[in-house]
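Observations on the model geometry
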Amino acid sequence: MEVMSKTLIEVRNLTKLYNGGLGKPITALQDVNFSVAKEEFFTIIGPSGCGKSTLLNLIAGLDKPSSGEVLVNGVKINKPNPQLMAIMFQEHALYNWRTVLRNVEFGLEIRGVSKAERRTKALHYIRLVGLQGFEDKYPNQLSGGMKQRAALARALSLETDILLMDEPFGALDEQTRLLLGLELTRIWQETKKTIIFVTHSLSEAAFLSDRILVMSARPGRVKRIYNVDIRRPRDPNSDEVNHIKALIWNEIKDEALSMMKGG
Ligand SMILES: Nc1ncnc2c1ncn2[C@@H]1O[C@H](COP(=O)(O)OP(=O)(O)O)[C@@H](O)[C@H]1O
Ligand SMILES: [Mg+2]
């Protein structure tokens, strides 16, 4: 991250209650505060159920907070803004009846981009994610890793400043995940996007991030935010990366345990 970093996203006193049934509310997030700088790779990590997706959905404007607010460039988010943020989820992102090319074009199609421009952009981003040669394949002809590459190409083709990623590689095996992490670093550097990346993988967090926000479990709060001052390109097996993993694990293990015991 540059020294003269400029704040892009501000999360202020964000609290989210869900109706838990029997009239008992669930506090999924409580008083969450942080900000993300322009062009930063910012990761949110925490055990399953701690509120990561809730937080990302609120940032995306897909849901409303119970209190608090999210600001982007000082402007409050209260609905999805596809010109500003693209979102990528763990799975189920592609239409099985569309080819890779037509899946990538889809987001541009609903934005009303002309056919010629759609095609040019889609082909560009398909190449960027390493899927050239697979334009005419259907999702069920692709491996899990390739499907996520296609989903990434679709998110990138929208050319938003912000990319939100909710455990995008979570369903993949470790090697594929590592490979896609490497590619994501390259793409992030090339496209200069601001990325908020949700994961429960210590390796992914330590390898990819400028900063890592560790969440506490039930209710989800900010437990700690780590700076990861490791030069890129990073070696996923280096002592520096392992040191960060150990620090986060130390922070997170009690949370993970409390979730396993049912909070
Ligand atoms: N729509 C919903 N209605 C009720 N409870 C929900 C809803 N979405 C999430 N929750 C609850 O909020 C908590 C946080 O969920 P979530 O944000 O999905 O966590 P994570 O992504 O970290 O696994 C969990 O206890 C979950 O059961
Ligand atoms: Mg989730």
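The rules behind these values
- Residues numbered from 1 in each chain as written.
- Chains lettered and ligands numbered in written order.
- Predicted model: local features only at pLDDT ≥ 70, side-chain atom pairs only at ≥ 80, totals over all residues.
- Helix = DSSP H or I, 4+ residues; strand = E, 2+ residues; numbered from the N terminus.
- Rg over C-alpha atoms; globule rule 2.2 N^0.38 Å.
- Buried ≥ 20, exposed ≤ 12 C-beta atoms within 10 Å, placed from the backbone.
- Contact = placed C-beta atoms within 7 Å.
- Expected span 1.5 Å × (residues − 1).
- Arc of directions from axis to C-beta.
- Pairing = 2+ DSSP bridges.
- Axes fitted to C-alpha atoms, helices over the stretch in contact; angles between N-to-C directions.
- Near = placed C-beta within 6 Å.
- Nonpolar A, V, L, I, M, F, W, Y, C, P; charged D, E, K, R; others polar.
- Core = buried A, V, L, I, M, F, W, Y, C linked by C-beta atoms within 7 Å.

1. With respect to the overall build of the protein chain
When its secondary structure is counted, the protein chain shows seven helices and 10 strands. Over its C-alpha atoms the protein chain spans a radius of gyration of 18 Å, differing by no more than 12% from the 18 Å that the globule rule assigns to 263 residues. When burial is assessed residue by residue, the protein chain has 39% of its 263 residues classed as buried. Sequence separation of at least 24 residues holds for 71% of the intrachain contacts in the protein chain that already meet a minimum separation of 6.

2. What about helix 5 (residues 174–191)?
An α-helical segment advances 3.6 residues per turn. Residues three or four places apart therefore align on the same side. Compared with an ideal rise of 1.5 Å per residue, which puts 18 residues at 26 Å, helix 5 spans 25 Å between its outermost C-alpha atoms and is within 8% of the ideal. Along helix 5, the residues that are buried comprise Arg177, Leu180, Gly181, Leu184, Ile187 and Trp188. Take helix 5 and look down its axis: the buried residues cluster within an arc of 135°, on one side only. Away from the buried face of helix 5 by more than 90 degrees, exposed residues Gln175 and Glu190 are located. Buried positions along helix 5 lie against strand 3 (41–45), helix 3 (115–128), helix 4 (144–157), strand 8 (194–199) and helix 6 (202–208). Of the residues one or two after helix 5, lysine 192 is the one with positive phi, at around 55°.

3. Topic: the sheet that holds strand 6 (residues 85–88)
Overall, mixed pairing links the six strands, which are arranged 6-7-8-3-9-10 in an open sheet. The open sheet is flanked by strand 6 and strand 10 (221–227), the only strands paired with a single partner. Ignoring strand direction, the axes of neighbouring strands in this sheet form an average angle of 15°. In the sheet, strand 6 pairs with strand 7 (residues 162–166) via four bridges, with the strands oriented parallel. Its bridge partner lying in strand 7, methionine 88 is registered against methionine 165.

4. What about the site of ligand 1?
Neighbouring residues of ligand 1: Tyr18, Ile26, Ala28, Gly46, Ser48, Gly49, Cys50, Gly51, Lys52, Ser53 and Thr54. Among the secondary structure elements, those contributing two or more residues to the shell around ligand 1 are strand 2 (25–37) and helix 1 (52–60). Examining the composition of the shell around ligand 1, we find that three residues originate from one element, helix 1, more than from any other. For the shell around ligand 1, a count of residues per class yields four nonpolar, six polar and one charged.

5. As for the sheet that holds strand 4 (residues 67–72)
The strand order across the open sheet formed by four strands is 2-1-4-5, and the pairing between neighbours is antiparallel. The sheet terminates laterally at strand 2 and strand 5 (75–76), the two strands that pair on one side only. Pairing geometry for strand 1 (residues 7–19) and strand 2, over nine bridges, is antiparallel. Following the sheet pairing, leucine 17 is matched in strand 2 by threonine 27. Sitting on the sheet, helix 1 is in contact with strand 1, strand 2 and strand 4, with an inclination near 120° to strand 1.

6. Let's talk about the nonpolar core
Among the nonpolar cores identified, the biggest contains 66 residues, and Ile59, Ile126, Ala153, Leu164 and Ile196 are the most heavily contacted of them. Broken down by element, the residue count for this core peaks at six residues, all from helix 4. The residues contacting leucine 164, other than those within four sequence positions of it, are Leu56, Ile59, Ala60, Met85, Ile87 and Ile196.

7. Structural notes on the environment of lysine 147
Position of lysine 147 relative to the elements: it lies in helix 4. Here lysine 147 falls in the buried class, since 22 other C-beta atoms lie within 10 Å of it. Between the C-alpha atom of lysine 147 and that of leucine 94, which follows or precedes it by 53 residues, the distance is 7.6 Å. Residue contacts for lysine 147: discarding those within four places in its chain leaves Leu94, Pro139 and Leu142.

8. So, the environment of valine 129
Along the polypeptide, valine 129 turns up in the loop between helix 3 and helix 4. The buried category is assigned to valine 129, around which 25 C-beta atoms lie within 10 Å. Along the primary structure valine 129 and tryptophan 97 are separated by 32 residues, whereas in three dimensions their C-alpha atoms are 21 Å apart. Ignoring anything within four residues of it in the chain, the contact list for valine 129 reads Arg149, Leu152, Ala153 and Glu183.

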